[in-house]
Amino acid sequence: MSNIDLSRFHRTFFDESLEGLDAMESALLRLDIGQADAETINLIFRSAHSIKGGAGTFGFTAVAGFTHLLETLLERVRSGQRQVSQADVDLLLRSVDVTRAMLRAADGGDACDLDNVARVSAELEQALDMKPAVVAPVAARPVAAGWSIRFIPKPDIFASGNDPLRILRELDRLGDAGITCIADDLPELGAIDPERCYLSWNIALRGDCDEAAVREVFAWVEDECNLEILPLDQPVATAASVEGMEAAPPAPDAGGRVVKKPQLNVVEGGKAAAESSIRVGTEKIDALINLVGELVITQAMLQQTAESLDPVLNEKLLQGLSQLDRNTRMLQEAVMSTRMLPVEAVFSRFPRMVRDLAAKLGKQIRLETVGESTELDKGVIERIADPLTHLVRNSLDHGLETTEQRIAAGKNPTGTITLRAAHQGGHIVIQVSDDGRGLNREKILAKAAERDVPVPPNPADADVWQLIFAPGFSTAEAVTDVSGRGVGMDVVKKNVQALSGQIEITTEAGKGTTVTIRLPLTLAILDGMSVRVGDDVFIVPLNCVVESLQPQPGQVKALTSNARVVKVRNEYVPLAPLHQHFNIRADAQHAETSILVLVESEGRKVAVQVDELVGQQQVVIKSLEANYRRVHGISGATILGDGRVALILDVAELVRGYARAAAA
């Protein structure tokens, strides 16, 4: 056993421990003070117990020591010796933060604050030294004079870093444990594999403890063993419950050997084994997605070549290509789904933040979440977290009034922030809403004039709301450590646009504000409209396309020598000739003989002038900046079925540029 390299299991330990801390934090935030339910308390305890056990196994003694204090406090709550209070919840939340910092430091991250570790450790020790009044247990648990336990570790249990003997030693703290080892599967000495477990155990545990306490001892290995626990006056397994099992606990034979029993094929609660899963590095998934993307491009090339073949002479070939197309699309969807995660992965971080900031600001705030199960690409989830954090903090600080102000306005004293996610077509829409004071149009315009932020004449409300995304723009009357420096909303917009997304604001004075973010489900594929300008083909993201049209004489008006607009249903829209923007040849030099594609972003529209609409297709996105350089007005590139490279338009950037030129 000494030759086993446990460091290869560190990644799994850190990942699972951080997930356990997230579960602890969520459970603590939803804990009903004074009426804590047993299930929630047990979930919190199990998470702490698992982290402590793993830290001890892998030699992270500092983490194990700290979580031992945490586990001990939770055990007192769980056993009914201590009634959980708001002060306990606050202390436990701080303990979660400390444990998270210690784990990240142990994982090679920044050093944690040792003073804070010592301070919270002292608070835990002080809480443990207190003599709280004994209260009724959280919930009734079955208690017996003892327990008959059948513990059958899986042969590869050592590979997970677990030691069955350590588990058995923990039983001593629950009572008098009579342990019988079953060694019938032990091979001859020369055939023993030191990394496999051949033993199992029967335990007769006598003591005043409940079943939950016994199961907690085995919590760290619950997926690495078969386990059955019954009251001591009952057999571990009967013929009625498990076919072929003996009715009585095992006993030594005449030669002193323990008679072997068949291995149980049931787990805790008699349920079938849970669905298995495997952790795979995202770099492997990304490589697979890239290969599937190349396969899609190759399939498109074959399909385009096949269009020139005689369908009668090449019937079987064309049928095979059609089948290949279906299978390729299904493969692409299946591979893309491996990167999809519920947006709850982002939403789950906000209850704690709202709780802490609400207390800091002296406000009563309730957080509601809707559509947490909506799935989104992992890469998008990771990059949308910071923008959403900015938006929630702004709603907390600026959007929602104080309790006194809400009462004076006839509102509920408790303000509400709502996070909502939903699918719309091939996109996901995320909204951050509050029922606060709303945006003040006059105040925003005055601040824009003060800071020399350009404002179009007679701006629509949508244009005024977009002013808050200007760099350094803030209407806060005082700078706080929560917000008000004007360094957040411009970053929010840039980050959303970097994800090929759009952001819009709707607001009503005295009723609240809603910020809506529209994002692609994934950054790897795109539904687009292919358009031709001269010899070049461009891809217009389909979610931005409003309509296409051919203008009539008199529809196009010149504002200046460099700016023109087109009238579409009594609305003048800036004209964006792609051949002029990219300095390329076009078949049609004049808008009246061209095709116009009306696109929309950030609530504004632009008419893109092209020669021809080629068609609609799903394309695999390639980074132009990584393979070439940054090009103004282009967000990426793709490879067409004929092998040519097509550039993907950055609609948001085009709209901003031509809208400014038309307003100048």
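No experiment lies behind these values; they were computed from the predicted model shown. Per chain, residues are indexed from 1 in the order of the written sequence. For a predicted model such as this one, the threshold for reporting local features is a pLDDT of at least 70, and the threshold for listing and counting side-chain atom pairs is 80 or more; totals across whole chains, interfaces and linings nevertheless cover every residue. Computation of side-chain values: all heavy atoms of the structure, hydrogens and water removed.

Peer 1: Describe the overall build of the chain, naming the residues involved and giving the relevant values.
Peer 2: If you tally the helices and strands in the chain, you get 19 helices and 22 strands. Evaluated residue by residue, the chain yields a buried proportion of 45% over its 664 residues. Throughout, a residue-residue contact means that at least one pair of heavy atoms, one from each residue, lies within 4.5 Å. Looking at the chain alone, contacts between residues at least 24 apart form 70% of all its contacts between residues at least 6 apart. With the model as given, the accessible surface of the chain reaches about 33,600 Å², and the carbon-plus-sulfur share is 52%. Runs of E in the DSSP output that reach at least two residues are strands. Runs of H or I that reach at least four are helices, and both are numbered from the N terminus. Classification of residues uses two cut-offs on accessible area relative to the type maximum, computed with a 1.4 Å probe and protein chains only: under 20% is buried, over 50% is exposed, and between them is partly exposed. For the area figures, the Shrake-Rupley method with a 1.4 Å probe applies, and any residue is considered shielded solely by the protein chains shown.

Peer 1: How would you summarise the sheet that holds strand E15 (residues 556-558) if you had to cite specific residues and measurements?
Peer 2: Strand pairing within a sheet occurs via backbone hydrogen bonds; the two strands may be parallel or antiparallel. Strand order in the open sheet formed by six strands is E14-E18-E19-E17-E16-E15, with mixed pairing between adjacent strands. For this open sheet the edge positions go to strand E14 (545-549) and E15, each flanked by a neighbour on one side alone. The mean inter-strand angle of the sheet, taken between neighbouring strand axes irrespective of direction, is 35°. Strands are treated as partners if at least two bridges between them are detected by DSSP. Looking at chain direction, strand E16 (residues 564-568) and strand E17 (residues 571-577) are connected through four bridges and run antiparallel. Note on E17: the bridge partner recorded for Val568 is Glu571. Only the stretch in contact is used when fitting a helix axis, every axis being a line fitted to C-alpha atoms; angles between N-to-C directions are given from 0 to 180 degrees.

Peer 1: Give a description of the pairing of strand E8 (residues 415-424) that names residues and reports values.
Peer 2: The side chains of a regular strand alternate between the sheet's two faces. Pairing geometry for strand E6 (residues 365-370) and E8, over six bridges, is parallel. Within the sheet, the bridge partner assigned to Thr369 lies in E8 and is Leu419. As defined by bridge partners, E8 adjoins strand E9 (residues 427-434) across eight bridges and the pair is classed as antiparallel. Counted as the bridge partner of Gln424 is His427 from E9.

Peer 1: Could you give me a rundown of the confidence of the model for the chain, with the residues and numbers involved?
Peer 2: As a per-residue measure, pLDDT tells how confident the predictor is, with possible values from 0 to 100. On average, residues of the chain carry a pLDDT of 81, and 87% of them reach 70 or more. Helix H18 (residues 624-627) is the least confidently modelled element of the chain, averaging 74 in pLDDT, while E6 averages 93, the highest of any element. Long-range and interchain partners of residues 268-275, a stretch whose pLDDT sits below 50, account for six contacts in this model, where long-range means more than four residues apart.

Peer 1: Explain the packing of aromatic side chains to me, and be specific about the residues and the numbers.
Peer 2: A pair of Phe, Tyr and Trp rings is counted when the ring centres sit within 6.5 Å of each other, with Trp represented by its six-membered ring. The angle between the planes then sorts it: under 30 degrees is stacked, over 60 is edge-to-face, the rest tilted. Within the structure shown, the criterion is met by seven aromatic pairs. Taken together, a centroid distance of 5.4 Å and an interplanar angle of 50° make the contact between Phe13 and Phe58 tilted. Linking Phe13 in helix H1 (residues 10-29) with Phe58 in helix H2 (residues 38-58), this pair joins segments that are 45 residues apart in sequence. The two residues Phe13 and Phe58 agree in class, both being buried. Taken together, a centroid distance of 5.9 Å and an interplanar angle of 25° make the contact between Phe151 and Trp201 stacked.

Peer 1: Residue-level account of helix H12 (residues 378-399), with values.
Peer 2: Multiplying 1.5 Å by the residue count of a helix minus one yields the expected span of that helix. Between its first and last C-alpha atoms H12 spans 30 Å; for 22 residues at 1.5 Å apiece the expected length is 32 Å, and the two agree. Ile384 marks where H12 bends most, by close to 35°; the proline Pro387 follows one to four residues later. Measuring from the backbone nitrogen of Gly379 back to the side-chain oxygen at the start of H12 gives 2.8 Å, which picks out Asp377 as the cap. We define the bend at any residue as the angle between the axes fitted to the seven residues before and including it, ending there, and the seven starting there. Two N or O atoms form a polar contact when they lie within 3.5 Å of each other; inside protein one atom must be a possible hydrogen donor and the other a possible acceptor, and for residues adjacent in sequence the pair counts only when both atoms belong to side chains.

Peer 1: Tell me about the sheet that holds strand E12 (residues 525-533), and name the residues and values.
Peer 2: Spatially, E20-E12-E13-E22-E21 is the arrangement adopted by the five strands of the open sheet, whose pairing is mixed. Each of the sheet's edge strands pairs with one partner strand only, and the pair in question is strand E20 (612-620) and strand E21 (634-639). Geometrically, the sheet is characterised by an average inter-axis angle of 35° between neighbouring strands, direction not taken into account. Of the strand pairs in this sheet, E12 and strand E13 (residues 536-541) are connected by six bridges, and their pairing is antiparallel. Bridged to Met529 within E13 is Val540.

Peer 1: So what's going on with the environment of Glu368? Which residues, and what values?
Peer 2: Note on placement: Glu368 falls in strand E6. What makes Glu368 partly exposed here is its relative accessible area of 34%. With 21 residues separating them along the chain, Glu368 and Phe347 place their C-alpha atoms 9.9 Å apart. Setting aside residues no more than four positions away along its own chain, Glu368 makes contact with Thr416, Ile417, Thr418 and Leu419. Polar side-chain contacts of Glu368 include one of 3.4 Å to the side chain of Arg366.

Peer 1: Tell me about the environment of Ala23, and name the residues and values.
Peer 2: Along the chain, Ala23 turns up in helix H1. The exposure class assigned to Ala23 is partly exposed, which follows from its relative accessible area of 32%. With 21 residues separating them in the primary sequence, Ala23 and Ile44 have C-alpha atoms 7.5 Å apart. When sequence neighbours within four positions are dropped, the list of residues in contact with Ala23 reads Leu43 and Ser47.

Peer 1: Tell me about the packing of H1 against helix H4 (residues 86-106), and please be specific about residues and values.
Peer 2: One way to put it is that H1 packs onto H4 with a least axis distance of 10 Å and a crossing angle of 165°. Considering their axes alone, H1 and H4 lie roughly antiparallel with respect to each other. For the crossing formed where H1 meets H4, the hand is left-handed. Here Phe13, Phe14, Ser17, Leu18, Leu21, Asp22, Met24, Glu25, Leu28 and Leu29 of H1 lie close against H4, whose contacting residues are Val89, Leu92, Leu93, Val96, Asp97, Thr99, Arg100, Leu103, Arg104 and Ala106. For the contact of H1 with H4, the per-class residue count stands at 13 nonpolar, two polar and five charged. With respect to orientation, any angle under 35 degrees is reported as roughly parallel, any angle over 145 as roughly antiparallel, any angle of 65 to 115 as roughly perpendicular, and every other angle as oblique. Handedness of each helix crossing follows the sense of rotation of the near helix against the far helix: counterclockwise by less than a right angle gives left-handed, clockwise gives right-handed. Just so you know the grouping, Ala, Val, Leu, Ile, Met, Phe, Trp, Tyr, Cys and Pro go in nonpolar, Asp, Glu, Lys and Arg go in charged, and all remaining residues, Gly too, go in polar.

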